[in-house]
Amino acid sequence: MAVTTNIPCTISPEATARVAELGIQHDFDRMVEHTLNSIPELRRVEVLLESASEDDDESRVVIVSYLPALGNGPDPTMWQWGQWVIDTFSPDVWRHVAMITLFEAVDGR
Amino acid sequence: MDGRAFLTVARELAAGRTAAHWRSAVGRAYYAIFLEGRDHLQRWGFVPHQRDPVHSFVRLRFDYAADPDLVMVGRALDNLSKLRNVADYQTQSHSFADDTEAQTSITNALRALALLDAVEADPVRRAAAIVDMRVRWP
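Residues numbered from 1 in each chain as written. Chains lettered and ligands numbered in written order. Predicted model: local features only at pLDDT ≥ 70, side-chain atom pairs only at ≥ 80, totals over all residues. Heavy atoms only, no water.

1. As for helix α2 (residues 25–38) of chain A
Residues and elements named next belong to chain A. The terminal C-alpha atoms of α2, which comprises 14 residues, lie 20 Å apart, in line with the 20 Å expected from a rise of 1.5 Å per residue. Of all the residues in α2, the buried ones are Phe28, Asp29, Met31, Val32, Thr35 and Leu36. Down the axis, α2 shows its buried residues gathered within 160° of arc, on one side only. (Helix = DSSP H or I, 4+ residues; strand = E, 2+ residues; numbered from the N terminus. Expected span 1.5 Å × (residues − 1). Buried < 20%, exposed > 50% of the residue type's maximum accessible area, 1.4 Å probe, protein only. Arc of directions from axis to C-beta.)

The structure is reproduced here in structure tokens:
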């Protein structure tokens, strides 16, 4: 994975195992790389495996991008990332991975 | 009631003053677009069986649609669904420090709804989308 930033990124063992099980390691690496390199103000990234739930019958790899809550109104990152992933991969790949943005207080609390 | 009516409630919640308001707005935004998507599919002849998980039923039909705008609706559902789970269940999360997630969710739901409405309003696109879905999901 050719990540060129110093932004902290942690990937849970469960997410790593799921990516391997799905056989999408290369594409997943590109998604993480794109996340780290394309989102302004990005503080850190956590990648988790979310279990099947009431509104999703499959477990899903979720890339969580943390940004500062600056009160700037709606943020376009999630939409733009969704457009990029559709333009770049097949649904057989991207349907297993979601990316969400979470906004934390500027002092980190 | 149309699913999009939930967007009015989402806006009211987004104008609130607490994390509980902003978190709740995310859920209403998700359900607005999910219900609209479900009802569009129903009008187009795609009704889930009782055994089908309805959220996944809706999302997958858009994820694999031939029309790129419908694919984006699926993607918006994917991401809003995951954000809603954080908003509703992860009460220890330090996020939702302001209304940004709420405003973002409402904006994305509105954009997805506009894409869905555009396909619905265009008989040629709508017919092509339905034919493709019938082939893919016989």
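2. Quick notes on the packing of aromatic side chains
Evaluated as defined, the whole model comprises six aromatic pairs over all chains. Between A:Trp81 and A:Trp84, the ring centres sit 6.1 Å apart and the planes meet at 55°, which makes this aromatic pair tilted. Of this pair, A:Trp81 and A:Trp84 both sit in helix α3 (residues 77–88), separated by three residues, roughly a single helical turn. A:Trp84 shares its class with A:Trp81; the two are buried. Taking the centre distance of 6.4 Å and the plane angle of 75° together, the rings of B:Tyr64 and B:Trp137 count as edge-to-face. Here B:Tyr64, found in the loop between α3 (54–63) and α4 (68–89), pairs with B:Trp137, found in the segment after α6 (123–136); they are 73 residues apart in sequence, far enough to count as distant. The class for B:Tyr64 is buried, based on a relative accessible area of 14%. Taking relative accessible area as the criterion, B:Trp137 reaches 24% and is therefore assigned partly exposed. Three or more aromatic residues joined by ring pairs form one cluster here, namely A:Trp81, A:Trp84 and A:Phe89. (Phe/Tyr/Trp six-rings, centres within 6.5 Å; stacked < 30°, edge-to-face > 60°.)

3. Things to note about the interface of chain A and chain B
Each partner contributes to the interface: chain A provides 36 residues, whereas chain B provides 35 residues. For the pair chain A and chain B, the summed buried surface comes to about 3200 Å²; carbon and sulfur atoms form 57% of the total. Across the chain A-chain B interface, the total number found is two salt bridges. Note that A:Glu50 and B:Lys82 form a salt bridge whose closest N and O atoms lie 3.1 Å from each other. One can count 12 residue pairs in polar contact (both at pLDDT 80 or more) joining chain A with chain B. Elements supplying a minimum of two residues to the side of chain A that touches chain B: β3 (60–68), α3, α4 (91–94) and β4 (97–104) of chain A. (Contact = heavy atoms within 4.5 Å. Buried area = accessible area lost by both parts, 1.4 Å probe. Salt bridge = Lys/Arg side-chain N within 4 Å of Asp/Glu carboxyl O. Polar contact = N/O pair within 3.5 Å; in protein donor to acceptor, adjacent residues only side chain to side chain.)

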